[in-house]
Amino acid sequence: MQRRTATLEDVAREAGVSEQTVSRVLNKPEVVAERTRDKVIRAMQALHYVPNRSAQLLAGKSAPSIGLITASLTLHAPSQIAAAIKSHASAHELEVAIAMPATADYPSLQARLNEFRAQNIRGAIINLPLEGSIAEKLVSENPDICCLFLDISPETDVCCVRFDHMEGCGACDTHLWELGHREFGLLAGPESSVSARMRLSSWREALHRHGVRNAVTVFGDWSAASGWHKAFELLHQYPKISAIVVANDQMALGVLSALAQLNRTGRRAVSVTGYDDTADSLYFQPPLTTVAQDFNKLGKRAVELLIQQMAAPQMRIRELLPTRLVIRQSTWPYGGRDEDEKDDLLRQLKTLVEKL
Ligand code: IPT
C-alpha cells in the first residue's frame, strides 16, 4: 500500500511540538534548542518527511536546480540512476544540472561544485565512487552546498543513501553453491571503485563461509567489452571454472557473449551472475540471474533526502537500501544445462545418422 505523504502537522504531532517549532527548525534552526531540534529531525526522518519545496522557494531558501555529479553515463547503471533522479526531481519542480567528470579526484570534483555554486545551486547528489577522505573534504570545504553521496564506504562520515551490497553478494554465492558449483571465477569491477571493492570482499567472505578457498579474481572496468575480454582470460587460464560471478550486468553481457562464441554449452556450460538488474538484463541470452538494485527507488530517495537536507543542513542522513537476488536462466546446476545436454545428444545423433 502507498504510504501517505507526511505533512508538517504530522511531524509536529510525532515530535510533540507545535507546527511553528517544526517550521523554525526548517527555516531558522539556530534559534531552536538543540534537544528540540533533534526531536524534530528524528520525527522527520521517521516519517520520511519531505519539506514543501515551493514554500521554501518562496521564502528564497534555495535555487530551482539541484546538481548531479555522476560516473560516466555510457554505463548502464549510472545512466538509469540519472534518469530516475531527473524524473523524481521534476516531480518536485526541480531542474537537474549534470556534471560528468572524467576523474574522481578532489580538484575535479571541487571544480564541479564551484560551477554549481556559480549557478546558485545549493544541493548536489554525487554518484561517483569516492574515497572517504575526498568525500569528507568536499563536505567540509563546501558548507554552503549540501552534498548527498551514493557511492561511498559505510565508514565515510557524510550524508548518503546507498545499497547494502552484503546481502545480495552473499545470496548470489549461496545460490551458486547450492547448485553444486565449487570452481569460481570472480570478475570484479575496477579496483579504484569503492563499490567494486565492497562487492568483491562480500563475495569472498560468503565463499569462505562455504569453504571455497580458491576462487580466481580478475578485474574489469564495468564495460561489456572488458567482460568479454576477461571471460576469455579466465577460461583460458582456469578451464575448470563452472561459475563466473560478475560485478555488474554490463560486464556479464560481455561474458555471455564470450561464452556463446566459445561454444560453452551442454556439459561445458558456465553459470553467470550479474549485479544491478538494469532494465535490459531480463532480455540477455540467457536472461541474467543478478543482484537487483532498485535504481528508481534510489533516485526517488536521493531527491527526497537532498530536499530534506537542504531544508535542515544539520540533519545526518544515512540510508541503506536493500538488494535482492533475482534468479533467471543464466545459472544452472553444476554439470551443465539439461536442455543443452539434450540438444547436444540430438546433434550427435544427427551427425551419426548423416555419417551412416
Ligand atoms: C554502480 C553499478 O553497480 C556498476 O554497474 C557501475 O555502473 C558503477 O555504478 C559505476 O560507478 S551503482 C553505484 C550506485 C554503486
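The rules behind the values
Residues numbered from 1 in each chain as written. Predicted model: local features only at pLDDT ≥ 70, side-chain atom pairs only at ≥ 80, totals over all residues. Heavy atoms only, no water. Helix = DSSP H or I, 4+ residues; strand = E, 2+ residues; numbered from the N terminus. Buried < 20%, exposed > 50% of the residue type's maximum accessible area, 1.4 Å probe, protein only. Areas by Shrake-Rupley, 256 points an atom, 1.4 Å probe, with all protein chains shown as cover. Lys, Arg positive; Asp, Glu negative; His and termini not counted. Charge placed at Lys NZ, Arg CZ, Asp CG, Glu CD. Axes fitted to C-alpha atoms, helices over the stretch in contact; angles between N-to-C directions. Parallel < 35°, antiparallel > 145°, perpendicular 65-115°, else oblique. Left-handed = near helix turned anticlockwise from the far one by under 90°. Contact = heavy atoms within 4.5 Å. Nonpolar A, V, L, I, M, F, W, Y, C, P; charged D, E, K, R; others polar. Near = heavy atom within 4 Å. Polar contact = N/O pair within 3.5 Å; in protein donor to acceptor, adjacent residues only side chain to side chain. Pairing = 2+ DSSP bridges. Expected span 1.5 Å × (residues − 1). Salt bridge = Lys/Arg side-chain N within 4 Å of Asp/Glu carboxyl O. Phe/Tyr/Trp six-rings, centres within 6.5 Å; stacked < 30°, edge-to-face > 60°. Lys NZ or Arg CZ within 6 Å of the ring centre and 35° of its normal. Right-handed = clockwise from strand over helix to strand, strands pointing away.

- Looking at an unreviewed UniProt entry, one finds the protein chain named Lac repressor, with Phytobacter diazotrophicus as its source organism.

Quick word on the overall build of the protein chain
No. 1: Along its length, the protein chain carries 13 helices and 12 strands.
No. 2: Along the longest, intermediate and shortest principal axes, the C-alpha atoms of the protein chain span 90 × 45 × 35 Å.
No. 3: Burial statistics for the protein chain: of 356 residues in total, 52% are counted as buried.
No. 4: Surface accessibility of the protein chain: about 17200 Å² in total, with carbon and sulfur atoms responsible for 53%.
No. 5: Computing the positive centroid from 40 side-chain charges and the negative centroid from 41, the protein chain places the two 2 Å apart.

Re the packing of helix 1 (residues 8-15) against helix 3 (residues 34-47)
No. 1: In contact at an axis separation of 9 Å, helix 1 and helix 3 are set at 120° when each is read in the N-to-C sense. Put simply, helix 1 runs oblique to helix 3. At the point where helix 1 passes helix 3, the crossing takes the right-handed sense. In this structure, helix 1 uses Asp10, Val11, Glu14 and Ala15 to contact helix 3, whose residues at the interface are Lys39, Val40, Ala43, Met44, Ala46 and Leu47.
No. 2: Of the residues that constitute the contact of helix 1 with helix 3, the class distribution is 7 nonpolar, no polar and 3 charged.

Remarks on the environment of Arg122
No. 1: Here Arg122 shows up in the loop between helix 6 (106-118) and strand 3 (123-127).
No. 2: Along the chain, Arg122 and Gln237 lie 115 residues apart, while their C-alpha atoms are 51 Å from each other.
No. 3: Sequence-distant contacts of Arg122, that is, excluding residues within four places in its chain, are made with Arg117, Asp144, Ile145, Cys146 and Met310.

Notes on the site of the ligand
No. 1: In the vicinity of the ligand, 14 residues are found, and the nearest of them are Pro78, Ser195, Arg199, Asn248 and Asp276.
No. 2: Note that an oxygen atom of the ligand is positioned 2.9 Å from one of the side-chain N or O atoms of Arg199.
No. 3: Within the contact set of the ligand, an oxygen atom lies 2.5 Å away from a side-chain nitrogen or oxygen of Asp276.
No. 4: Taken by itself the ligand offers 390 Å² of open surface, and the protein chains cover 98% of this.
No. 5: Among the elements that make up the shell around the ligand, the one with the highest residue count is helix 5 (residues 76-91) (3 residues).
No. 6: Its residues assigned to classes, the shell around the ligand comprises 7 nonpolar, 4 polar and 3 charged.

Observations concerning the pairing of strand 10 (residues 289-293)
No. 1: Where burial is concerned, most of strand 10 is hidden: 5 out of the 5 residues are buried.
No. 2: Relative to strand 12 (residues 323-326), strand 10 is paired through 4 bridges, and the arrangement is antiparallel. What sits directly across from Val291, in strand 12, is Leu325.

Examining helix 8 (residues 165-178)
No. 1: Taking 1.5 Å per residue, 14 residues should reach 20 Å; helix 8 reaches 20 Å between its end C-alpha atoms and fits that length.
No. 2: Among the residues making up helix 8, those that are buried are His165, Gly168, Cys169, Gly170, Cys172, Asp173, His175 and Leu176.
No. 3: The N-cap residue of helix 8 is Asp164: its side-chain oxygen and the backbone nitrogen of Met166 are 3.2 Å apart.

Some words on the side chain of Asp276
No. 1: Looking at the secondary structure, you find Asp276 in strand 9 (residues 271-276).
No. 2: Buried charge without a salt bridge: Asp276, with Arg199 as the nearest opposite-charge side chain at an N-O distance of 4.2 Å.

Looking at the sheet that holds strand 12
No. 1: Strand order across the open sheet formed by 6 strands is 7-6-8-9-10-12, with mixed pairing between neighbours. Here the strands that pair on one side only, and so sit at the sheet edges, are strand 7 (216-219) and strand 12. Between one strand axis and the next, the sheet turns through 15° on average, direction left out of account.
No. 2: Relative to strand 10, strand 9 is paired through 4 bridges, and the arrangement is parallel. Within strand 10, the position partnered with Gly274 by the bridge is Thr290.
No. 3: Contacting strand 6 (184-188), strand 7, strand 8 (243-246), strand 9 and strand 10, helix 9 (residues 194-209) runs over the sheet at an angle of about 165° to strand 6.

Thoughts on the packing of aromatic side chains
No. 1: Applying the stated criterion across every chain, the model contains 2 aromatic pairs.
No. 2: Between the NZ or CZ atom of Lys137 and the centre of the ring of Tyr106, over which it lies, the distance is 4.1 Å.
No. 3: Over the ring of Trp177 we find Arg182, and its NZ or CZ is 3.2 Å from the ring centre.

Re the pairing of strand 2 (residues 95-99)
No. 1: Bridge analysis of strand 1 (residues 65-70) against strand 2 gives 5 bridges, and the strand direction is parallel. Looking at strand 2, one finds that Leu68 is bridged to Ile98.
No. 2: Each parallel crossover has a hand, and the one from strand 1 via helix 5 to strand 2 is right-handed.

A look at the pattern of salt bridges
No. 1: Going through the model one piece at a time under the given rule, you end up with 11 salt bridges.
No. 2: The closest approach of N and O atoms between Lys230 and Glu233, which form a salt bridge, is 3.3 Å. Here Glu233 and Lys230 lie together in helix 10 (residues 224-237), a separation of 3 residues that amounts to about one turn.
No. 3: Glu304 serves as the salt-bridge partner of Arg301, at 2.4 Å between the closest nitrogen and oxygen. Taken together, the positions of Arg301 and Glu304, both in helix 12 (residues 295-311) and 3 residues apart, correspond to about one turn of that helix. Glu304 carries the same exposure label as Arg301, and that label is buried.
No. 4: Here the residues in one salt-bridge network are Lys300, Arg301, Glu304 and Glu319, joined through shared partners.

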